[in-house]
Amino acid sequence: MFLVGLLRPALPVTPTLQLPHRHAAVRRRSLIAAAGMAGVTATSPAAAQIGGFLSKKPYVPPSWATHLSPVPSHTFSLGHFPTPIHKWNLPNLPEGTEVWIKRDDLSGMQLSGNKVRKLEFLMEDAVAQSADCIITVGGIQSNHCRATAVAAKYLNLDCYLILRTSKLLVEKDPGLVGNLLVERLVGAHIDLVSKEEYGKIGSVALADLLKKRLLEEGRKPYVIPVGGSNSLGTWGYIEATREIEQQIQHSADDQFDDIIVACGSGGTIAGLALGSRLSSLKAKVHAFSVCDDPGYFYDYVQGLIDGLKSGLDSRDIVSIESAKGLGYAMNTAEELKFVKDIAAATGIVLDPVYSGKAAYGMLKDMASNPTKWKGRKILFVHTGGLLGLCDKVDELSSLSGSWRKMDLEDSIPRKDGTAFQRYRRDC
């Protein structure tokens, strides 16, 4: 079993790379001065300036991506970038193999994970089109829907979420667990559909139906596809590639041989694969799909990169393997134990739907094919989704750390009662 010895003590943690500020080293936007942002230049950290966060900024693509079309003209600053890269001391790796981790789970709090990067471009487009509300679709614990709901509220837009759930629960209050708690706190409007209805009608038709109703009410809706994965959203991870490229250039470490990431809707891997091929990275991108089969994603990614007139073949720039297991957002006991063991061994908490399955697939493949990975330097992209664990608490309860009532000796005398009296008074 590849999990044997997982809980042995990890090696001392390698210090985090010294990373340049996103705006100083990554987003060198010469047009900022023209936007009227007083005191902010193309090499100053705009997000660190008062009013820089949640601001609209002109967008200048990486030099290696200027031939792509269309190029976004602006973007919103919604995330906290650059996200750090540090050594991930996973146990039982093949000889000479290093795994580093890109912490896109730290791109924000309520608005966190890989979806933030896509939403920076998508929300700007919505505002540019004078939208007054956003429509998007996802599973009942969709990280994308939660991020979209928060981003919409940041920008004073209403948000309508179409959430897929079981037939037994479609007419019941969905509750306040995990992502749902944040969505409902920020006032998102939620429409529930059963998995059967979703499969029969499809996400595009469902969003169009809600859009039509909102238009009839005089609203101006803007539709964001599942996962924010369209050609415009793909720019989020083209830009992330530039961020990684700049982080490497400002460190003493060599290039990465491989980039590994979960795949749930296709936009993240399309941007990473396209960016890695066009930039100086040239790392091989591996995706572990957590829902549809690899063939579906090769075709979907092809559509995304064709939409940018890249002239590339998806099968040449990304390798996709299945890691869906029992199905989307469904986990085996072994997968959940893996998430728990990784957290206990390394301190990195993976989500059970995306990065948990991707990391599980990665280490399983390393155990089965050690020569394939021997001596390689790998960057694993943690795409966030911590709130998804809240939906698994019953299954995780038997795996999680133990607790006990503190054993106190009755014979120990209390020196004085002032502390307890003060406690009662303060409470």
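Residues numbered from 1 in each chain as written. Predicted model: local features only at pLDDT ≥ 70, side-chain atom pairs only at ≥ 80, totals over all residues. Heavy atoms only, no water.

A. Quick peek at the overall build of the protein chain. Looking only at helices and strands, the protein chain has 15 helices and 12 strands in total. Among the 427 residues that make up the protein chain, the fraction classed as buried is 51%. Sequence-distant contacts, at least 24 apart, represent 76% of the contacts inside the protein chain between residues at least 6 apart. Counting every atom, the protein chain has about 19,900 Å² of accessible surface; 54% of that belongs to carbon and sulfur. (Helix = DSSP H or I, 4+ residues; strand = E, 2+ residues; numbered from the N terminus. Buried < 20%, exposed > 50% of the residue type's maximum accessible area, 1.4 Å probe, protein only. Contact = heavy atoms within 4.5 Å. Areas by Shrake-Rupley, 256 points an atom, 1.4 Å probe, with all protein chains shown as cover.)

B. Structural context of empty space enclosed by the protein. All chains considered together, the criterion is met by two cavities of 30 Å³ or more. Considering only enclosed or pocket space, the largest cavity measures out at about 130 Å³ in volume. In terms of lining residues, the largest cavity is bounded by 18 residues, among which N114, K115, T268, Y354 and T383 are the most central. Elements that contribute at least two residues to the lining of the largest cavity include exactly α2 (115-128), α3 (143-154), β9 (258-263) and α8 (267-278). Its residues placed into classes, the lining of the largest cavity shows four nonpolar, 11 polar and three charged. (1 Å grid on protein atoms, 1.4 Å probe; cavity = no way out; pocket = protein on both sides within 12 Å on 5 of 7 lines; lining within 4 Å. Points joined across faces, edges and corners; volume = space filled by probe spheres on them. Nonpolar A, V, L, I, M, F, W, Y, C, P; charged D, E, K, R; others polar.)

C. Molecular detail of the packing of α2 against helix α7 (residues 231-249). Running from N to C, α2 and α7 point in directions that differ by 135°, and their axes come no closer than 7 Å. Taken as axis vectors, α2 and α7 run oblique relative to one another. Two packed elements cross with a definite hand, and for α2 against α7 that hand is right-handed. Touching R117, K118, F121, L122 and D125 of α2 are L232, G233, W235, G236, Y237, A240 and E243, all from α7. (Axes fitted to C-alpha atoms, helices over the stretch in contact; angles between N-to-C directions. Parallel < 35°, antiparallel > 145°, perpendicular 65-115°, else oblique. Left-handed = near helix turned anticlockwise from the far one by under 90°.)

D. View of helix α9 (residues 294-306). With 13 residues, α9 extends 18 Å from end C-alpha to end C-alpha; this agrees with the ideal 18 Å at 1.5 Å per step. Along α9, the residues classified as buried are P294, F297, Y298, V301, Q302, L304 and I305. Along the axis of α9, the buried positions cluster into a sector of 165°, meaning they face one direction only. As for α9, its buried residues are in contact with α7, β9, α8, β10 (284-289), α10 (314-317) and β11 (318-322). (Expected span 1.5 Å × (residues − 1). Arc of directions from axis to C-beta.)

E. Examining the pattern of salt bridges more closely. This structure, assessed with the given rule, holds 16 salt bridges. Put simply, E124 and K56 hold a salt bridge, and the shortest N to O gap is 3.3 Å. One end of the pair, E124, is in helix α2; the other, K56, is in strand β1 (residues 56-58), with 68 residues separating them in the sequence. The partly exposed category is assigned to K56, whose relative accessible area is 38%. (Salt bridge = Lys/Arg side-chain N within 4 Å of Asp/Glu carboxyl O.)

F. Expanded view of the pairing of strand β6 (residues 158-165). For β6, the tally of buried residues reaches seven of eight residues, placing the bulk of the element in the interior. When strand β5 (residues 133-139) meets β6, the two strands line up parallel, connected through seven bridges. Among the inter-strand pairings, G139 is bridged to a residue of β6, identified as R164. Taking the sense of rotation as the criterion, the β-α-β connection linking β5, α3 and β6 turns out right-handed. Bridge count between β6 and strand β7 (residues 189-194): six bridges; the pairing is parallel. (Pairing = 2+ DSSP bridges. Right-handed = clockwise from strand over helix to strand, strands pointing away.)

G. How the structure looks around the confidence of the model for the protein chain. In this model, the protein chain carries an average pLDDT of 88, and 85% of its residues clear a pLDDT of 70 or more. In this model residues 4-45 is a low-confidence stretch, pLDDT under 50, and it forms 99 contacts with partners more than four residues away in sequence or in other chains. (pLDDT = per-residue confidence, 0-100.)

H. Representation of the nonpolar core. Ranked by internal contacts, the top residues of the largest apolar core, which has 62 residues, are W88, M362 and F380. Judged by nonpolar contacts, the second largest core, of 27 residues, contains L78, A126, A149 and A151. (Core = buried A, V, L, I, M, F, W, Y, C linked by side-chain atoms within 4.5 Å.)

I. How the structure looks around the side chain of H286. Within the secondary structure layout, H286 lies in strand β10. Within the structure, the side chain of H286 is placed 2.8 Å from the side chain of D258, a separation counted as a polar contact. (Polar contact = N/O pair within 3.5 Å; in protein donor to acceptor, adjacent residues only side chain to side chain.)

J. How the structure looks around the environment of G175. Here G175 lies in the loop between β6 and α4 (179-185). In this structure G175 touches L180 and R184, once residues within four positions along its chain are discounted.

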